[in-house]
Amino acid sequence: MAEDLTAVARFVFEAGTLKQTKRSGWWMAGVRDPESVAEHSWRTSLLASVIAKLEGADPARAAFLAVWHDTGETRTGDVNHLGKKYASGEADPRDIAADQVAGMPEVLVDTVRDLIAEYEDKESDEAICARDADKLECMIQGIEYKAQGYANAQRWIDNSRGRLTTKTANALADAVLETDSLDWLRTALGEKER
């Protein structure tokens, strides 16, 4: 390969910081050691593929959008909704992505910039599915935190549930709310569900 991939190598290390970047909103709910942005993005991507497939959209594209949706947080950190109220001149994810991909092969630059713009513009079916997956993942995480004793997570459950737009995400949210977070284990072990 003739292209210099140094900028790509730097970005891979930068993206790795999301494994240690905590989702700060959960601190307000009292969660001492909340999930990382990378953990959130993984399940969001999985959910995006499921929602998109069931909505008749491209599941790979929706998952691709979801994988990249929070990469700008390597530069800004995870700023919760209250913090955004006070952030002066909130950074545009498109500008952050442009800085992150500077120096990369042009095909990557174009791909990432288009991807972030598509997610932010909320116009394609896949972007809508990825955005619903983001909210649904937050709701599911809230349910898991609530099951661990963090009663204040209910606010995140309710807020996330109310922001879903697709038929599939809403139906899946209903199913999740009716399911105990360990029913999957009981089923796998052949035990009776609660």
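Preceding this section is the structure that the text describes.
Our subject in this report is the structure included herewith. Values in this document were obtained by computation on a predicted structure and should not be read as measured data.

In this section: unusual backbone geometry. Of note in this structure, K122 is not a glycine but carries a positive phi near 55°. As for its placement among the helices and strands, K122 is situated in the loop between α8 (106–121) and α9 (125–147). The exposure class assigned to K122 is partly exposed, which follows from its relative accessible area of 46%.

Looking now at the layout of surface pockets. Considering only enclosed or pocket space, the largest pocket measures out at about 1,100 Å³ in volume. Around the largest pocket sit 39 residues that line it, and E73, D78, V79, H81 and K84 are the ones nearest its centre. Of all the elements in the fold, those that place two or more residues in the lining of the largest pocket are α2 (25–28), α5 (73–76), α6 (81–86), α7 (93–101), α8, α9 and α10 (154–162). Tallied by class, the residues present in the lining of the largest pocket amount to 14 nonpolar, 12 polar and 13 charged. There is about 310 Å³ of room inside the second largest pocket. Lining the second largest pocket are 13 residues, and of these I140, E144, V176, T179 and S181 lie nearest its centre.

Let's shift gears to the nonpolar core. Counting residues in hydrophobic clusters, the biggest one holds 32 residues, and the most contacted among them are L136 and M139. Of all the secondary structure elements, the ones that give two or more residues to this core are α1 (6–16), α3 (37–55), α4 (59–68), α7, α8, α9 and α11 (167–177). The element best represented in this core is α9, accounting for eight residues. Ignoring anything within four residues of it in the chain, the contact list for M139 reads I157, S160, R161, A173, V176 and L177. W26, V31, Y145 and A153 belong to the second-largest nonpolar core, a separate cluster that totals seven residues.

How each quantity is defined
- Residues numbered from 1 in each chain as written.
- Predicted model: local features only at pLDDT ≥ 70, side-chain atom pairs only at ≥ 80, totals over all residues.
- Heavy atoms only, no water.
- Helix = DSSP H or I, 4+ residues; strand = E, 2+ residues; numbered from the N terminus.
- Buried < 20%, exposed > 50% of the residue type's maximum accessible area, 1.4 Å probe, protein only.
- 1 Å grid on protein atoms, 1.4 Å probe; cavity = no way out; pocket = protein on both sides within 12 Å on 5 of 7 lines; lining within 4 Å.
- Points joined across faces, edges and corners; volume = space filled by probe spheres on them.
- Nonpolar A, V, L, I, M, F, W, Y, C, P; charged D, E, K, R; others polar.
- Core = buried A, V, L, I, M, F, W, Y, C linked by side-chain atoms within 4.5 Å.
- Contact = heavy atoms within 4.5 Å.

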